[in-house]
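Results of the structural survey
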Amino acid sequence: MAYALQQLINGISLGMIYGLIAVGYTMVYGIIGMINFAHGDVFMIGAFLSLIGLVLLSMGGVMGGPAALILVLLVSVALTGLYGWAIERIAYRPLRGSFRLAPLISAIGLSIVLQNFVQVSQGARVKPMETLVRGGIEVMREDGFVVQLAYTQMLIIGVTLAVLAVFTVLVTRTPLGRAMRACEQDRKMASLLGIDTDKTISLTFVIGAALAAVAGTMYLLRYGVIDFYIGFLAGVKAFTAAVLGGIGSLPGAVLGGLLIGLIETFWSAYFSVQYKDVAAFSILVLTLIFLPTGLLGRQEVEKV
Amino acid sequence: MLNRRGLIAGTAGLALAGPALIRPVFAQGSGPIRIACAGPMTGSNAAAGEQMKIGAQQVVADMNAKGGVLGRQLALEIADDACDPRQAVSVANQLAGRKVAMVAGHYCSGSSIPASKVYAEEGVLQISPASTNPKFTDDGSWNTFRVCGRDDQQGQIAGAYIAKTYRGKKVAILHDNQAYGKGLADETKKALNAAGVQETLFAAYTPGERDYNALVSRLKGAGIEVIYVGGYYTEAGLILRQAKEQGMNVTLIGGDALVTKDFWQITGAAGEGALMTFSSDPRQRSTAAAVVQTFKAKNIDPEGYVLYTYAAVQIWAAAATKINSVDPKKVAEAMKASGPWQTVLGDIAFDRKGDVTVPDYVFYVWKNGDYVQM
């Protein structure tokens, strides 16, 4: 029981990070019908910007109080949002009227560009960071097995829920959210009705990147080790999460992220550690056979 | 404004002319002798690659200052395999194409083994400063040598030590399913079982990930007190850090891949008391004193594989000088037949397989951010 609870905690905190990244994939897909393959690398950029921020602060003599962490998070979110905007402006908008594969290829190209840019500018070595948020609480104790909930895990779960709540309000209650949903349903019609679709799409990228930056910062605080390549694996997992939950669906992305995190964790907990990815992807395949649009996806007129 | 067609033509012209401009000039018999240092200059083992690079650059500089080898200067090529077996093969082909006389490399056994096949075919001598998997020389042909020990020796020492020191405690053996890690874990398990101790868990993890919490909780659930990791420092460091974070009181024991300060950077205080097997510190040996002084003057700590790479090139140079030829096959024969060779590591001789005759593994322990011999 205690063991299962510990693994549940592990799985949820891992799944929350996947979910936060997955929201970025699903939003962009919903609005312009393309997979933004550079999104995993935007997450990596967010993590690096936070690391740089923390290093700069510690050079200035400030060591990781809550205020410093919030400041770093905000700066990283703002700058990563700027990256998101620039990516859309440079790599996708010029290709919007082009054939369907063009933006997909420029997305893959951009992913390579971002990775190499960070590799060259920051060095290829793994960047470790001192643990800033230490310790945790003891949830329960059973037969000598202590269930630990680290403060970083609480932070991840809390921040993710808060960010998603704000985000849900944004999409359902604000004029911007209404414009986004309109673009999602029919971009041409939306523009005929006076919605600035270019601006709406730009803002979607900015928001997606901002969420990725939050995920990157949480990742940095939790694991403390990043390199230029982390975006790839995290991106693949988050993309899978988005597909599993039903791409285009926001609650689906979070649900998918949680499921992937939980499947991986529980498979490693009770079966073989090395086959956890096989398990996660097999479940994805099975789900897609029976529910081609994912768990919460709706039937959609074809888009790629 | 530049005419677009002109721009395209110009770019295409440059692209076509590029290779012609930078094509290397081959010279046989005169001019510098090309040698190479190949290892992970990028990726998660880049710290080790850098150690090799520093060692190779220093030995080449020192030898050239003394007039080179056989009266010819040495030219060093640095090649990056990122510890990826495929990239190692393509790097090996490139180096063979550039007619290098010897390669000091590679680092990861998983890279050294496939690369050695290419070198054997193309007539390149390979001396690895770090690859400890037995297969490297067991399957190797005329061209494979190493100046480090072998995992069966390293595993025997680790297994025997665990059996003796931690008798009655629960031991887990983990590995990363790669040539080096799995080989080391297998050998350690063999030695441990031979000493009459059965491990509680033998499992593999996926290298390159950051979240090993599920595995760590599993270890915690099994009441593990000693973890042996056959793998590299990034993953071993993360596993230890996450284990301590989950409140486990464990001792982590690893192999020579943990011998880098980067390990401590990842673990922080959680690394205190972690153990690893490595050769007795070459920096302390009298034969290395002069070179260590040179490094200290440049503010470099010649840790890990720096001196091993240095020694690899020294042996090759000594053998080539002795037979007055850089022909790789003849040098390889001489390296096995003659010796012992004087190096910064002390005297080194090779057996018929290309392994050093006297390996010396000892235990190191991490204390306050530094590792000290036990």
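Note that the structure is predicted; figures quoted are calculated from it, not measured.

1. Concerning the overall build of chain A
A count of helical and extended segments in chain A gives 11 helices and four strands. Computed over C-alpha atoms, the radius of gyration of chain A comes to 19 Å, within 12% of the 19 Å expected from 2.2 N^0.38 for 304 residues, which places it in the range of a compact globule. Considered along the principal axes of its C-alpha atoms, chain A spans approximately 65 × 50 × 35 Å. Residues counted as buried form 53% of the 304 residues belonging to chain A.

2. Things to note about the sheet that holds strand E10 (residues 275-279) of chain B
By way of backbone hydrogen bonds, the strands of a sheet pair with one another, either parallel or antiparallel. All names here are of chain B. An order of E7-E6-E8-E9-E10-E13-E14 is seen for the seven strands of this open sheet, with the pairing classed as mixed. What marks the edges here is a single partner per strand, and that holds for strand E7 (201-204) and strand E14 (370-373). Recorded for the sheet is a direction-independent mean angle of 30° between the axes of neighbouring strands. Pairing analysis gives four bridges linking strand E13 (residues 361-367) to E14, with the strands arranged antiparallel.

3. A closer look at the nonpolar core
Here is a general trend for soluble globular proteins: nonpolar side chains tend to be buried in one another's company. By size, the foremost hydrophobic cluster in this structure holds 109 residues, and its most contacted members are Tyr-107, Phe-263, Trp-316, Met-335 and Phe-350 of chain B. Every residue in contact with Met-335 of chain B, bar those within four places of it in the chain, is listed here: Leu-125, Ile-127, Phe-145, Ile-315, Trp-316, Ala-319, Trp-341 and Phe-350 of chain B. Counting 79 residues, the second-largest nonpolar core is a separate cluster that includes Ala-124, Ile-226, Ala-242 and Ala-253 of chain A.

4. Description of the UniProt feature "domain: Leucine-binding protein" (unreviewed entry) in chain B
Under the feature "domain: Leucine-binding protein" (unreviewed entry), the UniProt entry names residues 32-369 of chain B. Between the first and last C-alpha atoms of residues 32-369 of chain B the distance is 42 Å; the span itself is 44% helix and 18% strand.

5. Observations regarding the interface of chain A and chain B
Across the boundary between the two partners, chain A contributes 36 residues, which contact 30 residues of chain B. Together chain A and chain B conceal approximately 2700 Å² of surface at their shared face, both sides included; 50% is due to carbon and sulfur atoms. Considering only the side of chain A, the residues that lose the most area to chain B are Arg-125, Tyr-223 and Val-273 of chain A, jointly responsible for 22% of the buried surface there. On the surface where chain A and chain B come into contact, there are six salt bridges. For Lys-237 of chain A, the salt bridge is made with Glu-209 of chain B, and the minimal N-O distance between the two is 3.5 Å. Counting across the interface, chain A meets chain B through 16 residue pairs in polar contact (both at pLDDT 80 or more). Looking at the side of chain A that touches chain B, the elements that each hand over two or more residues are helix H1 (2-32), strand E3 (145-150), helix H8 (197-223), helix H9 (230-245), helix H10 (250-270) and helix H11 (276-290) of chain A. Its residues assigned to classes, the side of chain A that touches chain B comprises 19 nonpolar, 11 polar and six charged.

6. Some points on the sheet that holds strand E2 (residues 74-80) of chain B
All names here are of chain B. Spatially, the five strands line up as an open sheet ordered E2-E1-E3-E4-E5, and their pairing is parallel. Strands at the two margins of the open sheet, each flanked by one partner only, are E2 and strand E5 (144-146). Along the sheet, successive strands turn relative to each other by an average axial angle of 25°, direction set aside. Relative to strand E3 (residues 102-105), strand E1 (residues 33-39) runs parallel, the two sharing four bridges. Across the sheet, residue Ala-38 finds its bridge partner in E3, namely Gly-105. Set on the sheet, helix H2 (residues 46-65) makes contact with E1, E2 and E3; between it and E2 the angle comes to about 170°.

7. Looking at the packing of helix H11 (residues 289-297) of chain B against helix H12 (residues 306-323) of chain B
Residue and element names in this part refer to chain B. In the contact formed by H11 and H12, the axes pass within 12 Å of each other and the chain directions differ by 125°. The angle between H11 and H12 places the two elements in the oblique class. The way H11 lies across H12 gives a crossing that is right-handed. Side by side, H11 and H12 meet where Val-291, Val-292 and Phe-295 of the first sit next to Val-306, Leu-307 and Tyr-310 of the second. Class assignment for the residues of the contact of H11 with H12 results in six nonpolar, no polar and no charged.

Parameters at a glance
- Residue numbers restart at each chain and count upward from 1, following the sequence in its written direction.
- Here chains are named by letter from A upward and ligands by number from 1 upward, in the order in which they appear as written.
- In keeping with the model being predicted, local features are shown solely for residues with a pLDDT of at least 70 and side-chain atom pairs are shown and tallied solely at 80 or more, while totals for entire chains, interfaces and linings include all residues.
- The basis for every side-chain value is the complete set of heavy atoms in the structure, and neither hydrogens nor water enter the calculation.
- Where helices and strands are cited, they refer to DSSP runs of H or I of at least four residues and of E of at least two residues respectively, numbered from the N terminus.
- A radius of gyration in this sense is built from C-alpha atoms; the matching globule rule multiplies 2.2 Å by the number of residues raised to 0.38.
- Per-residue accessibility, obtained with a 1.4 Å probe over protein chains only, is compared with the maximum for each type, and a residue is labelled buried under 20%, exposed over 50%, and partly exposed between these values.
- Strand pairing requires that DSSP identify at least two bridges connecting the strands.
- Here, axes are lines fitted to C-alpha atoms. For helices the fit covers the stretch in contact, and angles between N-to-C directions go from 0 to 180 degrees.
- In this text, buried Ala, Val, Leu, Ile, Met, Phe, Trp, Tyr and Cys residues form a nonpolar core when linked through side-chain atoms within 4.5 Å.
- In what follows, residue pairs with any heavy atoms lying within 4.5 Å of each other are defined as contacts.
- UniProt positions are given in the numbering used here, feature names are shortened, and annotations may be inferred rather than shown by experiment.
- Here the quantity called buried area is the total loss of accessible area, with a 1.4 Å probe, experienced by two parts when brought into contact, counted for both.
- Here a salt bridge means any side-chain nitrogen of Lys or Arg lying within 4 Å of a carboxyl oxygen belonging to Asp or Glu.
- For this analysis, a polar contact is any N or O atom pair within 3.5 Å, provided that within protein one partner can donate a hydrogen and the other can accept it, and provided that sequence-adjacent residues contribute only side-chain to side-chain pairs.
- Residues are grouped as follows: Ala, Val, Leu, Ile, Met, Phe, Trp, Tyr, Cys and Pro are nonpolar; Asp, Glu, Lys and Arg are charged; all remaining types, including Gly, are polar.
- Small angles under 35 degrees read as roughly parallel and large ones over 145 as roughly antiparallel, with 65 to 115 read as roughly perpendicular and the rest as oblique.
- Handedness of each helix crossing follows the sense of rotation of the near helix against the far helix: counterclockwise by less than a right angle gives left-handed, clockwise gives right-handed.

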